[in-house]
Every structure is written in C-alpha cells, then in structure tokens.
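Chain and residue survey
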Amino acid sequence: MTKSYTSLGEIKSEIAIGKITVEKLVQGYIANITANSHLNAFNEVFENEALTRAIEIDARIGQGTAGKLAGMVIAIKDNICYKGHKVTASSKILKDFTSVYSSTIVERLLAEDAVIIGRCNCDEFGMGAANENSYFGPVKNHADETRVSGGSSGGSAVAVQANMCHAAIGTDTGGSVRQPAAFCGLVGLKPTYGRISRHGIIAYASSFDQVGPITRSVEDAALLLEVMAGNDEYDGTLSSTAVPSFSKEIKAPGVKKIAYLQEALSSPGVDAEIKNTLVNYIDKLRAEGHTVKPIAFDYLDYMVPAYYILAMAEASSNLSRYDGVHYGYRSPAATDLASTYKRSRSEGFGKEVKRRIMLGTFVLSAGYYDAYFSKAQKVRRLIREKTDAILQEYDFILIPTAPEPAFAIGKLEKDPVVTYLSDIFTVQASLTGAPAISLPAGNNSKGLPLGLQLITKHFDEQELLNFSKYFLEL
Ligand code: GLN
C-alpha cells in the first residue's frame, strides 16, 4: 500500500533520494483502487496506460527533463474528455461514448507529466450533491461507508480520500468540487469563472461550470491551478488576466478583514458541530489579530432559487444535443425521428436529469420566461453586486461549505427542493463567479470530516491560497 503524501513536494523529495518511483506509486495506487473497489469511486481505471506512462516519466526524471507534475498521479471526473478514452458523465445516454479529442486541461496536465489513473464516478451530468444520481450507483464515503461522498464530484473526492490517487480534478457548477472535498476532509478549489478552460468538459450550466482540483494540500491546489489556468482559444469565456505561478508565490497573508455570515450561526438548518467549528475558527482568527465581523446577506433566501432556475435553464439547452441521432444512446425501440428523440432521451437520461430538463424548458418558455428566467438573472446581478460590495470592505467571506456533514446513503429527501437547499453556502460563489475554496476543518464527534469555505474577489486566487495555507495551520 502506498502511503499517503500530503503534497507533491513530499513525493518529489522521496523520488529524488530513490525511495520511490512513479511506477511504484502507480502500482500502490492501483492496489488501493482494487482494495477499495466497493467504494465505487472509479468508472474506469487506466491501469496499463498509467503504468506505461509512469515508466516513461521515471526515465524523464532520470534525464532531468520531466515536467512540473512528474510524480503526480491524478484521477479525472468522468465528464472531462480525454482522447481515445470513454467519457460518460455517469449517464446511460453516454455510457459507450469515446472522446474524440482531449479537453484543454487534460492536455496541459499531461504536458507537465501528470499520470491520469482513471475516470471517476459523479452525479449524472454533474446534477446532484451526493453522487446518488449516477447511472453507475452511489460512491461511498471512506470515513463511513454508510454515508455519501458528496457530489457531484464524489468519485474524485473519495479517490483522493482513500489514497487511490494523489489528487483529482472535478468540476464545480454550484459546489461540486467544494462540497465533496468537505465531506471527505480535503481541499477543494473552485477558481474564478473564466480562469480555467472548459473546452472538452461536458457542459451542465455553461455560465457556472468551472474546473477545480481536489487535493490534500493548498500547495497542490495552487500547482494544479497554475498548470490548468490561462488563455485558450477554444473557450471564449476565458479571461486574459495573467496567471501567476501560484504555487511558488504562496506567502504569509498578513492581517486580514474577514466577514462571516450571521445566518451560518443562527440558522436552525446548520448542524451544531459545524457552527461550533466556525465559532472556533472565528475565535482563533481574532486571537491572531485579524478583524472578523458578522454580516447579514439580504438575498440569502434567493440564492438557491436563482441558481436552480438558471442552472436548469442552461442544462435544458445544453442537454438538447443528446437526441439519439448525433451520438450517444439510441433506443432500440425507435421507429422514426420523433420516437428516436423521445425514446432515446426517456430511456437514456435518469430521473433527476429529466426533472431538470423539464423545469429548465418551463422557465425558458414564452409565457414564463419573464417570471422566472429573466427575474433570476436580475437576482443574480443583485447577488453579484452585494457580494462584490462585501468583498470591497473585507478580504474574505468565511462560511461553512455545507450545512451538514456527509449524510447516510439513501437518506436523501424525497422532496428535491429540500435537497437543493443544502447548496445554500456553495452557490454564492457560483452565481457571482468568485473564487472559493473548501478547507478541511477537523472531524466531528462521529469522525466525519467538516469543511469551511473562503470566498474572495475575482482573480484573487493567490490571496485565497496564501490565506488557506495559513488557515490550515491555525
Ligand atoms: N448540487 C448542485 C446541483 O445539483 C451543484 C452541482 C455541481 O456543482 N455540478 O446543481
């Protein structure tokens, strides 16, 4: 069994003294994947390919020509295209689909000598917060196998948690990197919208979707961010803002002003131990000389509705491409064009995906567009303005990542709206496009990991990473 390393730096120093090789690391991770296959974290393991690449990378390390991710063995969420490999978005509709090109991020990770060990289970098309909406079944939390991994990048988080790889790449539309990272005791970073190319990422809601790393350390998150970020002619939403060498520039943050959401402590919907953890950190930060103040956020109750109206509208449009004609699943019972569409989509999509396509179509329909879609866009603007105003006054907003720790598999509320409400703390950064990070903040009395989240100004990931490293050492 490979031991678990906190950062790539540790792996590199062991490689340098000949204690470990990339090949041995991959062998160790594969042994862990086999031993933990019941957790259901992987949809596919690229065993032979990963071993072959590891041997090549070991040779490059010997020659001194290896890239900066040499020694980093990663897994990717199964909605990230990797040429010649299957990509399913954990949906029946894509279960036999093979990528015809690689996403920009996969190309960049490979160019720096990362090894991709497999593709990870997730909620179907990223729609969910427990990984229970996967065609391939739920992912179990390694801290307590009766509980969920979180979602939608649940497989990616558990793959790192159970040491089946060193780090993983997920996507975050409304919390899908941060929340499973919190449920699994890991660091989960959602960069600023426009920071990382979405070319070759299966779209869920395009004005929200972002790629993000799930790691054990802030240093690794910084390193993966700097490798993946930056201009790409294939994604028109990308910013031309310069990409710093985040990992090299991590430094002590200095004295900061931090706002925390009053409701996080007063709301009966937030778990008591999470409240205590937040209070402890507030006390520690104050003791260290930082200014930490409560704020009220007037639009709190509108965040989840605005997010879901817009995300579902965008999803209904993005998922119209799965029609049984162009690619993906085609119903064997189809007899003509209309039945090809209807049957392929009815049989190919899962229940939650269909619910969202229908609701999304409804909010975009001629009679309801103004009442729902257009109004939600206006609310999004207000939330953005209010959040920006807070971040003019404060350096960070500190809130829990999720209102409760990992819950029991199968417990999920039958009422989907109750489930959607559990995204209350993650959608603010998604609606505003701001960067946010979930940081491990210890375990509760049952041994379940808890996460706290920091949000900061657009494109200020360096400050976020600086403070995060410091925060983890508090
Ligand atoms: N839970 C949210 C949703 O279902 C977020 C998912 C995500 O970020 N992909 O939309």
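Here the residue numbering is sequential within each chain, running from 1 through the sequence in written order. Local features in this predicted model are restricted to residues whose pLDDT is 70 or higher, and side-chain atom pairs enter the listing and the counts only when it is 80 or higher, whereas totals over whole chains, interfaces and linings include all residues. Hydrogens are left out, water is left out, and the side-chain values use all remaining heavy atoms of the structure.

1. What to know about the site of the ligand
Near the ligand, the surroundings consist of 15 residues, among which Gly126, Gly174, Ser176, Tyr204 and Tyr307 are the closest. Here a polar contact is recorded for every N or O atom pair within 3.5 Å, except that within protein the pair must consist of a potential hydrogen donor and a potential acceptor, and residues adjacent in sequence are included only if both atoms are side-chain atoms. One of the side-chain N or O atoms of Asp423 is found 2.8 Å from a nitrogen atom in the ligand. Per-residue and other accessible areas were derived by the Shrake-Rupley procedure at a 1.4 Å probe size, with only the shown protein chains allowed to occlude residues. Protein coverage of the free-state accessible area of the ligand, which is 290 Å², stands at 99%. We call a residue near a molecule or strand when any one of its heavy atoms sits within 4 Å of it.

2. Thoughts on the environment of Arg195
Looking at where Arg195 falls in the secondary structure, it is placed in the loop between strand S7 (187-190) and strand S8 (210-215). The spatial distance from the C-alpha of Arg195 to the C-alpha of Val100 is 24 Å, given a sequence separation of 95 residues. By definition in these notes, contact holds between two residues if any of their heavy atoms fall within 4.5 Å. Apart from residues no more than four positions distant in its own chain, Arg195 is found in contact with Gln210, Leu225, Ala229, Gly230, Leu238, Thr241, Ala242, Val243, Pro244, Phe246, Phe459 and Glu461. Starting at the N terminus, helices and strands are each numbered in turn, a helix being any DSSP run of H or I of at least four residues and a strand any DSSP run of E of at least two.

3. Some thoughts on the nonpolar core
Counting residues in hydrophobic clusters, the biggest one holds 144 residues, and the most contacted among them are Val26, Ile117, Phe125, Ile169 and Leu398. The dominant element in this core, judged by the number of residues it contributes, is helix H10 (residues 300-318), at 12 residues. Each residue touching Phe125, except ones within four places of it in the same chain, is listed here: Ala89, Ser91, Ile93, Leu94, Ile202, Tyr204, Leu319, Tyr322, Phe349 and Val353. Here, the term nonpolar core denotes a set of buried Ala, Val, Leu, Ile, Met, Phe, Trp, Tyr and Cys residues that are joined through side-chain atoms within 4.5 Å. Three labels apply to residues, based on accessible area from a 1.4 Å probe with only protein chains included: buried if under 20% of the type maximum, exposed if over 50%, partly exposed otherwise in between. In this structure, Val148, Phe183, Ala402 and Ala406 belong to the second largest nonpolar core, which totals six residues.

4. Looking at the packing of aromatic side chains
Put simply, two rings from Phe, Tyr or Trp (the six-membered ring, in Trp's case) pair if the centres are within 6.5 Å, and we call them stacked under 30 degrees between planes, edge-to-face over 60, tilted for the rest. A full pass over the atoms with the stated rule returns 19 aromatic pairs. Note on Tyr135 and Phe136: the rings are 5.3 Å apart at their centroids and 75° apart in plane angle, and the pair reads as edge-to-face. For Tyr135, a relative accessible area of 42% translates into the label partly exposed. By relative accessible area, Phe136 is classed as partly exposed at 31%. When the ring of Phe208 is compared with that of Tyr307, the centres are 5.2 Å apart and the planes differ by 80°; the resulting orientation is edge-to-face. Linking Phe208 in the loop between S7 and S8 with Tyr307 in helix H10, this pair joins segments that are 99 residues apart in sequence. Phe208 sits in the buried class, given a relative accessible area of 1%. Three or more aromatic residues link up through ring pairs in this structure, and these residues are Phe97, Phe125, Tyr322, Tyr327 and Phe349. A positively charged side chain is recorded as over a ring if its NZ (Lys) or CZ (Arg) lies within 6 Å of the ring centre. The angle to the ring normal must also be within 35 degrees. Stacked on the ring of Tyr281, the Lys or Arg Lys284 has its end atom at 4.4 Å from the ring centre. The ring of Phe208 carries the charged tip of Arg380 above its face, separated from the ring centre by 4.1 Å.

In short, the description is geometric, and any link to function would need to be established separately.
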